[in-house]
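# Reading the structure
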Amino acid sequence: MRTEQKLHYILRIAIAMCFIGHGVFGVITKEIWCNYFAVFGIGKVTAYSLMPWVGAFDILMGVIMLVYPVRAIALWLVVWGTFTAFLRPMSGEPFAEVIERAGNFGAPLALLILSGGIKNWKQLFVPIDPSAQISAKTMETVSHCLKVVVFLLLMGHGWLNVIEKKGLLNQYASLGFSYPGKVAVMVGVFEIAAALMVLIKPVRNILLVLFIWKISTELFYPHYEVFEWIERGGSYGAILALWFAHKETSPGFSVSSLQKFNKQEPTNQL
């Protein structure tokens, strides 16, 4: 596959993981969702009756992105992912919860940019072509988008560690750490430093380390481990996509080199 094809499928799978995982929590009526419905004055009884419908819709959007990716759904997921992220501070949670979920809205945004954006309303419902060639300028824009997204999600998670979020402390305690608060601060400092590195000067080898770090540490949730891990697919996908995109936007890269690369690289290999 050409690099842009790899990015397409990585982001597409990441988007599906994020919204399918998130939707499952609605179907199983995760209690904390009541706080988000309460922002609009919706009581618990009504909230529990609405959760499965909201969750099922999220799952549907994720599945459609897997089998029939169109810009209209990607655009909706950017809006919906941003909206649901902001419900957290609106319900009393730290603002860090918003930026920690940058992968939720950042992955579909990056896919929209990769697909050439939306030039007219008719494009909204035309399937995105994964084999379409893109310019070096578009690749650079995608890379910049992913860089900001990865910066935000690492910064947000690091911030939550530094302020010793209760859920994270429980994770470290369950892993056997005697002083989970100290562990949280150390992890937070590491992730904030990594976020700044990604924003200022991303290094491909370190991006790969961060990808492994993220997919590993997200397995430590004390409840609903599999669903929590799946829901954070946008985070893994954004880091992995940046790893691929960074290769094509390194110093000395140009439009001509991208065209040459696209012509030489076989399109029938996995």
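Residues numbered from 1 in each chain as written. Predicted model: local features only at pLDDT ≥ 70, side-chain atom pairs only at ≥ 80, totals over all residues. Heavy atoms only, no water.

As recorded in an unreviewed UniProt entry, the protein chain goes by Oxidoreductase and comes from Mucilaginibacter pankratovii.

On to the side chain of Glu-93. Turning to its location among the elements, Glu-93 is positioned in the loop between helix H4 (71-90) and helix H5 (96-100). Within the structure, Glu-93 has its side chain in polar contact with the side chain of Tyr-36 (distance 2.7 Å). Setting aside residues up to four positions removed in sequence, Glu-93 forms contacts with Ile-32, Tyr-36 and Arg-88. (Helix = DSSP H or I, 4+ residues; strand = E, 2+ residues; numbered from the N terminus. Polar contact = N/O pair within 3.5 Å; in protein donor to acceptor, adjacent residues only side chain to side chain. Contact = heavy atoms within 4.5 Å.)

Here the focus is helix H6 (residues 102-114). Between its first and last C-alpha atoms H6 spans 17 Å; for 13 residues at 1.5 Å apiece the expected length is 18 Å, and the two agree. With eleven of 13 residues buried, H6 lies mostly within the body of the structure. Residues of H6 that are buried include every one of Ala-102, Gly-103, Asn-104, Phe-105, Gly-106, Ala-107, Pro-108, Ala-110, Leu-111, Leu-112 and Leu-114, and no others. Looking at the residues trailing H6, positive phi occurs at Gly-116, about 100°. (Expected span 1.5 Å × (residues − 1). Buried < 20%, exposed > 50% of the residue type's maximum accessible area, 1.4 Å probe, protein only.)

With numbering aligned to this structure, UniProt lists the feature "transmembrane region" (unreviewed entry) at residues 9-28, 142-163 and 183-200. Helix and strand shares over residues 142-163 are 95% and 0% respectively, and the end C-alpha atoms of the span are 32 Å apart. Annotation note: span residues 183-200, helix share 100%, strand share 0%, distance between end C-alpha atoms 26 Å. (UniProt positions renumbered as here; feature names shortened; annotations may be inferred.)

What follows concerns the pattern of salt bridges. A complete count under the given rule lists ten salt bridges for this structure. A salt bridge links Glu-93 to Arg-88; the shortest N-O distance between them is 3.3 Å. Residue Arg-88 is classed as buried on the basis of its relative accessible area of 11%. A salt bridge links Lys-214 to Glu-218; its shortest N-O distance comes to 3.1 Å. Here Lys-214 falls in the buried class, since its relative accessible area comes to 1%. Salt bridges sharing partners connect three or more residues here, namely Lys-30, Lys-214, Glu-218, Glu-228, Glu-231 and Arg-232. (Salt bridge = Lys/Arg side-chain N within 4 Å of Asp/Glu carboxyl O.)

Take unusual backbone geometry next. Although it is not a glycine, Thr-29 sits at a positive phi angle of roughly 55°. Here Thr-29 lies in the loop between helix H1 (3-27) and helix H2 (33-38). With a relative accessible area of 27%, Thr-29 lands in the partly exposed category. Even without being glycine, Glu-164 reaches a positive phi, approximately 55°. Along the polypeptide, Glu-164 turns up in the loop between helix H7 (136-162) and helix H8 (166-174). Residue class for Glu-164 comes out partly exposed when judged on its relative accessible area of 37%.

A word on the confidence of the model for the protein chain. For the protein chain, per-residue confidence averages 89 on the pLDDT scale, and 90% of positions sit at 70 or higher. In this model, residues 252-261 is a region of pLDDT below 50 whose contacts with residues beyond four sequence positions or in other chains number eleven contacts. The low-confidence segment residues 263-270, where pLDDT is below 50, has eight contacts with residues more than four positions distant or belonging to other chains. (pLDDT = per-residue confidence, 0-100.)

A cluster of nonpolar side chains, contributed by Phe-86, Met-90, Phe-95, Trp-159, Val-162, Ile-163, Val-185 and Val-189, occupies part of the molecular surface with about 680 Å² of accessible area. Structurally, the position occupied by Phe-95 is in the loop between H4 and H5. (Patch = residues over 30% accessible without salt bridge, like charges linked within 9 Å, V, L, I, M, F, W, Y side chains within 5 Å. Areas by Shrake-Rupley, 256 points an atom, 1.4 Å probe, with all protein chains shown as cover.)

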